[in-house]
Structure formats: C-alpha cells, structure tokens
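These are the residues of each chain, in order.
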Number of protein chains: 2
Amino acid sequence: MYKIKVYVTLKQGVLDPQGKAVEKALHTMDYDQVQDVRVGKYMELIMEKSENVGSKVEEMCQRLLANPVIEDYRYEMEEVVGQ
Amino acid sequence: MYKIKVYVTLKQGVLDPQGKAVEKALHTMDYDQVQDVRVGKYMELIMEKSENVGSKVEEMCQRLLANPVIEDYRYEMEEVVGQ
C-alpha cells in the first residue's frame, strides 16, 4: 500500500479570499505578527501498490485534485504496511 | 521572518464526506487502486520574527485554524529571508 500526501496551493498572484479572511481574523485576535496567510488543500490517499502509481497520482492531480489553471500541486509517496 | 506550514486533518473516526466524495469521483474515473481519501487544510503563514512565535502558532491553531474537537493539527516552521 502507498500513502500519498497531496498539497494543493493557489498559484502566486491568484487572489486568496479565504487566506485574507483568516489573516483578518488573526489580526482581530491580536496576532499582528502575521503578515500573510495562504490557504490550500491537504489530502491523504491510500492506494494499492502497482507499478504506475506515480503516473496515476500525477493524472489524478491534473484531472481532479487540483485545478491546473489556478492551483499548484505537489505530492509525497510513502509505502505503508497494509492499512 | 518565519514561514509556518500548518496541516489540519480530521481526527481518525470522524466522518469525512469530502474525502468520500473525492474517493467516489476517482473511482468513477477508473482509479480503482484508491482505497481511502482524507481531505484537510494546508495553510502557509508568513510571520515576523519574535521569541514566542512557537507559542503564538500553537494558540492560533487552537483558537482559529483548527477545530480541536474534530481536527488534529501539526505545523512546521522555517526561517525565511524577508518575503
């Protein structure tokens, strides 16, 4: 089995209203040291072992997990003993 | 400056409808190797340097960034040259 950790973030320059909202809330709570907040998605997938897992993950990111127009993605793969 | 990477995930045992929806969509797209999907939040914060950054981040996670009742959080801190 594989555990795949996928990180999806907005591309630089893309407005992040969610991040702005969190930043504003933190300032309201007196965390003035916070200069910028970017919010993205973090996903953990459990997948059966097969040769082409890497290319499958790449495909899934491009087709569903991330929006290639406005988002960047990166992933990490680790083998896990039967989950 | 510090870049703080915060990972917020649902606690084990907490139902993850978003994860189930993504899993179902991936199966519809013939990615049958996918056994489980958990969806969480990934945040990047830029913070000014100060002694108690660690405790501030802990506080922000507990008070706003994560819901301690149903979510777990972890974070990584790295020093960055003026952003």
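Residues numbered from 1 in each chain as written. Chains lettered and ligands numbered in written order. Predicted model: local features only at pLDDT ≥ 70, side-chain atom pairs only at ≥ 80, totals over all residues. Heavy atoms only, no water.

A. Broad picture of the interface of chain B and chain A. Of the residues lining the interface, 34 residues belong to chain B; the matching set on chain A comes to 34 residues. For the chain B and chain A pair, buried surface summed over both sides reaches about 3200 Å², with 61% attributable to carbon and sulfur atoms. For the chain B face of the interface with chain A, the top three residues by lost area are Tyr31, Gln33 and Tyr42 of chain B, together amounting to 22%. Applying the counting rule to chain B against chain A returns 0 salt bridges. Scanning the region where chain B abuts chain A turns up 20 residue pairs in polar contact (both at pLDDT 80 or more). Element by element, the count of residues in the side of chain B that touches chain A is highest for strand 2 (residues 34–47) of chain B, at 14 residues. Partitioning the side of chain B that touches chain A into residue classes produces 18 nonpolar, 6 polar and 10 charged. Relative to strand 2 of chain B, strand 2 (residues 34–47) of chain A runs antiparallel, the two sharing 13 bridges. (Contact = heavy atoms within 4.5 Å. Buried area = accessible area lost by both parts, 1.4 Å probe. Salt bridge = Lys/Arg side-chain N within 4 Å of Asp/Glu carboxyl O. Polar contact = N/O pair within 3.5 Å; in protein donor to acceptor, adjacent residues only side chain to side chain. Helix = DSSP H or I, 4+ residues; strand = E, 2+ residues; numbered from the N terminus. Nonpolar A, V, L, I, M, F, W, Y, C, P; charged D, E, K, R; others polar. Pairing = 2+ DSSP bridges.)

B. Fine view of the relation of the copies chain B and chain A. Rotating chain B by 180° and moving it 0.0 Å along the rotation axis overlays it on chain A with an RMSD of 0.0 Å. Given the turn and translation reported, the copies of this chain are related as if by a two-fold rotation axis. Taken together, the interface assignments show that 100% of the residues at the interface of chain B recur at the interface of chain A, consistent with an identical surface on both copies. (Least-squares fit on C-alpha atoms with pLDDT ≥ 70 in both.)

C. Geometry of the packing of aromatic side chains. Taken as a whole and assessed by the stated rule, the structure comprises 5 aromatic pairs over all chains. When the centroid spacing of 5.6 Å and the interplanar angle of 65° are considered together, the rings of tyrosine 7 of chain A and tyrosine 42 of chain B count as edge-to-face. With tyrosine 7 of chain A in strand 1 (residues 2–10) and tyrosine 42 of chain B in strand 2, this pair bridges two chains. Each member of the pair, tyrosine 7 of chain A as well as tyrosine 42 of chain B, carries the same accessibility label: buried. We note arginine 74 of chain B situated over the ring of tyrosine 7 of chain B; from NZ or CZ to the ring centre the distance is 4.1 Å. (Phe/Tyr/Trp six-rings, centres within 6.5 Å; stacked < 30°, edge-to-face > 60°. Buried < 20%, exposed > 50% of the residue type's maximum accessible area, 1.4 Å probe, protein only. Lys NZ or Arg CZ within 6 Å of the ring centre and 35° of its normal.)

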